[in-house]
Amino acid sequence: MDYLIIVAAVLISLAIGVIVGTILRKKIAESKIDGAEKEAKRLVDLAKIEAENMKKEEIFKAKEEIIKDKAELEKEIKERRGEIQRQETRLIQKEENIERRSDIFEKKEKELEKEFETLEERKKDIESIYDDQVRELERIAGLNKDEAKKYLLDELEKQITSEKAALIREMDKKAKEQADKNAKEILGYAIQKCAADHTSEATVSIVSLPNDDMKGRIIGREGRNIKALETLTGIDLIIDDTPEAVIISGFDPLRREIAKIALEKLIEDGRIHPAKIEEMVEKAKEEVTATIKAEGERAILETGVNGLNQDLVDLLGKLRYRTSYGQNVLNHSIEVSNLARIMAEELGLDAKRARRAGLLHDIGKALDHDMEGTHVEIGVDILRKYKENELVINAVEAHHGDVEPQSIEAILVQAADAISASRPGARKETLEAYIKRLQNLETIADSFEGVDKSFAIQAGREIRVIVKPDKIKDDEMTILARNIAKQVEDEMDYPGQIKVNIVRETRAIEYAK
């Protein structure tokens, strides 16, 4: 029983303890919650106060920035106002200066108007005095105005003619001295750099024979061998008393060369009959064709001309077998190319164009035996066919003066052509052509009025003209010399230059008795 009471009491005590503990925990929790709320409220109040302080601080800083910016703005405005004020002051000063100048100009304009009126009045007075003087002069001189004017003009013309002649002489002298000096230097330099040996080409070739018995074999039975050779090559074979030699004659060097090679091959082979002759002529033609190609390429290498069509190169090679007045045309073309290039380089011109035109200037001579027309016309047609440069074509067309040169390089080609042709020993000229040129030179000089006699001297390099002193005055001699030289240039072809020398002589003769 007691045990139960004790157990009951313990249980009751435990129950009461649990209830009291629960109540205490609840109160403690409520107390903590109240403390937390108070703390949160306190923290919120502190945050509000701090935020308010920060707000006030930022507002204060912003006010300071605004005040600072305002001060700077006011300072800048003040400076700009000062600058504007200074500009206004300068503008006002300028306006005042302009007004003062305007007043000065107005005063000067009025003064000029007064002076102009005064000058007009004086002009009228002078004109009146001039008219009175003219009438008085006409009365004294016995000439009217037109007659006096004509007399003065005649006198003035005489004076101008004299002065013009003197001026022409002086300018000609200076120009010729300078031009001659420069031209001689350039030409001398070009000729010196391009010195070449010259050998005149003949119209016959000689083939040596091992013995005179070979002549009979060359002739053949009833002359069939020699006839076959002449027919196939187009040349004349001369077999005369010349010991151990046969002469090949013909105007075409190409045919002569083919005949010479064929004959040498026949002599070397020893079998001479029409079939063998035909075979050797074909071989000779092939050999000459190879030589033509090699000579054309040699010309290209020696002159440095690039980009030529192979057909043009072959035509250049054919010039190896063409001559002009005994001068080999290929060697002449190479020399002209080099001379033109050197002169173009000295003058600062297009050296490539000059040497190209110089090399091609006589290319028409490669075909002038086979085509109608002059070598210039044929050459121009060929170059146009292969679309050469128009300035190069013009230089080729103008190198004998057939057309006007369109470039200085074309003139250099003319000069180089003349230099190459006029070198001592370069060309042979027939006596008839030489005499005809001298006669033409004297005929041109004699055709001018006032010329008494003329003499072509120095192998045609000078024409000496003696004028009639009563018809040609000293001042007119310069103009006469120029006119004669111009007509010689227009009507004659000649190498180098011709000097026109005018001589006027007045003699007074008296006899002592």
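Described below are features of the structure shown in this document. (Residues numbered from 1 in each chain as written. Predicted model: local features only at pLDDT ≥ 70, side-chain atom pairs only at ≥ 80, totals over all residues. Heavy atoms only, no water.)

### Some details on the overall build of the protein chain
Along the protein chain, the regular secondary structure elements total 14 helices and eight strands. Here the protein chain holds 513 residues, and the buried ones make up 29% of them. Residue pairs at least 24 apart in sequence account for 62% of intrachain contacts in the protein chain once pairs closer than 6 positions are excluded. Here the protein chain has roughly 35,600 Å² of accessible surface; of this, 53% comes from carbon and sulfur atoms. (Helix = DSSP H or I, 4+ residues; strand = E, 2+ residues; numbered from the N terminus. Buried < 20%, exposed > 50% of the residue type's maximum accessible area, 1.4 Å probe, protein only. Contact = heavy atoms within 4.5 Å. Areas by Shrake-Rupley, 256 points an atom, 1.4 Å probe, with all protein chains shown as cover.)

### With respect to the nonpolar core
Leu-308, Leu-312, Leu-315, Leu-316, Leu-359 and Leu-360 are the most contacted members of the largest nonpolar core, which has 39 residues in total. Where this core is concerned, the elements lending two or more residues are helix H6 (274-303), helix H7 (310-318), helix H8 (329-347), helix H9 (351-360), helix H10 (375-385), helix H11 (390-398) and helix H12 (408-422). Examining the composition of this core, we find that eight residues originate from one element, H8, more than from any other. Setting aside residues up to four positions removed in sequence, Leu-359 forms contacts with Ala-299, Ile-300, Thr-303, Val-305, Leu-308, Leu-316, Ser-333, Ile-334 and Ser-337. In this structure, Val-207, Leu-237, Val-281 and Val-288 belong to the second largest nonpolar core, which totals 26 residues. (Core = buried A, V, L, I, M, F, W, Y, C linked by side-chain atoms within 4.5 Å.)

### Re the packing of aromatic side chains
Counting across every chain of the model gives zero aromatic pairs. In this arrangement the basic side chain of Arg-320 is found over the ring face of Tyr-321, its NZ or CZ atom lying 5.5 Å from the centre. (Phe/Tyr/Trp six-rings, centres within 6.5 Å; stacked < 30°, edge-to-face > 60°. Lys NZ or Arg CZ within 6 Å of the ring centre and 35° of its normal.)

### Some points on H7
Looking only at H7, the buried set comprises Leu-312, Val-313, Leu-315, Leu-316 and Gly-317. Buried-residue contacts for H7 involve H6, H8, H9 and H10. The N-cap of H7, judged by a side-chain oxygen 2.8 Å from the amide nitrogen of Asp-311 a few residues on, is Asn-309. (Polar contact = N/O pair within 3.5 Å; in protein donor to acceptor, adjacent residues only side chain to side chain.)

### Section: a negative patch on the surface
Together, Glu-95, Glu-96, Glu-99, Asp-103, Glu-106, Glu-109, Glu-113, Glu-117, Glu-121 and Asp-125 line one region of the surface with negative charge. The topology assignment puts Glu-117 in helix H1 (residues 2-141). (Patch = residues over 30% accessible without salt bridge, like charges linked within 9 Å, V, L, I, M, F, W, Y side chains within 5 Å. Salt bridge = Lys/Arg side-chain N within 4 Å of Asp/Glu carboxyl O. Lys, Arg positive; Asp, Glu negative; His and termini not counted. Charge placed at Lys NZ, Arg CZ, Asp CG, Glu CD.)

### Quick word on the environment of Ala-245
When you line up the elements, Ala-245 lands in strand S3 (residues 245-249). Overall, the relative accessible area of 9% leaves Ala-245 in the buried class.

### Details of the packing of H10 against H11
What describes two packed helices is the angle between their axes and the distance between those same axes. It is the contact of H10 with H11, at a shortest axis distance of 9 Å, that shows an interaxial angle of 170 degrees. In terms of orientation, H10 lies roughly antiparallel with respect to H11. For the pair formed by H10 and H11, the contact residues are Val-376, Val-380, Leu-383 and Arg-384 on the first element and Glu-390, Ile-393, Val-396 and Glu-397 on the second. In terms of residue class, the contact of H10 with H11 is made up of five nonpolar, no polar and three charged. (Axes fitted to C-alpha atoms, helices over the stretch in contact; angles between N-to-C directions. Parallel < 35°, antiparallel > 145°, perpendicular 65-115°, else oblique. Nonpolar A, V, L, I, M, F, W, Y, C, P; charged D, E, K, R; others polar.)

### Some thoughts on the pattern of salt bridges
Pairing is possible between side chains that carry opposite charge, provided their charged atoms lie close to one another. Throughout the structure, instances matching the rule amount to 20 salt bridges. For Glu-287, the salt bridge goes to Lys-265, with nearest N and O atoms at 3.4 Å. On the criterion of sequence distance, the pair formed by Glu-287 in helix H6 and Lys-265 in helix H5 (residues 253-269) is long-range, its members being 22 residues apart. Note on Glu-287: relative accessible area 35%, which makes it partly exposed. Close ionic contact of Lys-365 with Asp-362 constitutes a salt bridge, the shortest N to O distance being 3.6 Å. A single burial state applies to Lys-365 and to Asp-362, both of which are buried. Within the structure, one salt-bridge network assembled from shared partners comprises Glu-83, Arg-86 and Arg-90.

### A short note on the side chain of Asn-328
Within the fold, Asn-328 resides in strand S5 (residues 327-328). What makes Asn-328 buried here is its relative accessible area of 5%. Separated by 2.8 Å, the side chain of Asn-328 and the backbone oxygen of Arg-320 make a polar contact.

### Examining the packing of H6 against H8
Running from N to C, H6 and H8 cross one another at 15 degrees; their axes reach a closest spacing of 10 Å. For the element pair H6 / H8, the angle class is roughly parallel. In this structure, the crossing between H6 and H8 has a hand that is right-handed. Two secondary-structure elements touch here, H6 through Glu-295, Arg-298, Ala-299, Glu-302 and Thr-303 and H8 through Leu-330, Asn-331, Ile-334, Ser-337 and Asn-338. Residue composition of the contact of H6 with H8, by class: three nonpolar, four polar and three charged. (Left-handed = near helix turned anticlockwise from the far one by under 90°.)

### Some points on the sheet that holds strand S8 (residues 499-504)
Read across the sheet, three strands follow the order S6-S7-S8 without closing on themselves; strand pairing throughout is mixed. Single-partner strands in this sheet number two, and they are strand S6 (451-457) and S8. Across this sheet, the average inter-strand angle for adjacent strands is 20 degrees, counted without regard to direction. Of the strand pairs in this sheet, strand S7 (residues 462-467) and S8 are connected by six bridges, and their pairing is parallel. Note that in S8 the partner of Ile-463 across the bridge is Val-500. The strands touched by helix H14 (residues 474-491) within the sheet are S6, S7 and S8, with S8 carrying the most contacts at an inclination of about 150 degrees. (Pairing = 2+ DSSP bridges.)

### Thoughts on a nonpolar patch on the surface
A cluster of nonpolar side chains, namely Ile-6, Val-7, Val-10, Leu-11 and Leu-14, defines an oily patch on the protein surface of about 430 Å² accessible area. Its place among the elements puts Val-7 in helix H1. We classify Val-7 as partly exposed; its relative accessible area is 30%.

### Some words on the side chain of Ser-407
Tracing the chain through its elements places Ser-407 in the loop between H11 and H12. We classify Ser-407 as buried; its relative accessible area is 10%. Excluding residues that lie within four positions of it along the chain, Ser-407 makes contacts with Arg-353, Leu-391 and Asn-394.

### Here we look at unusual backbone geometry
Phi is positive for Glu-222, which is not a glycine, with a value near 55 degrees. Structurally, Glu-222 is set in the loop between helix H3 (213-219) and helix H4 (224-233). Of note, the phi angle at Lys-387 is positive, near 55 degrees, even though the residue is not glycine.

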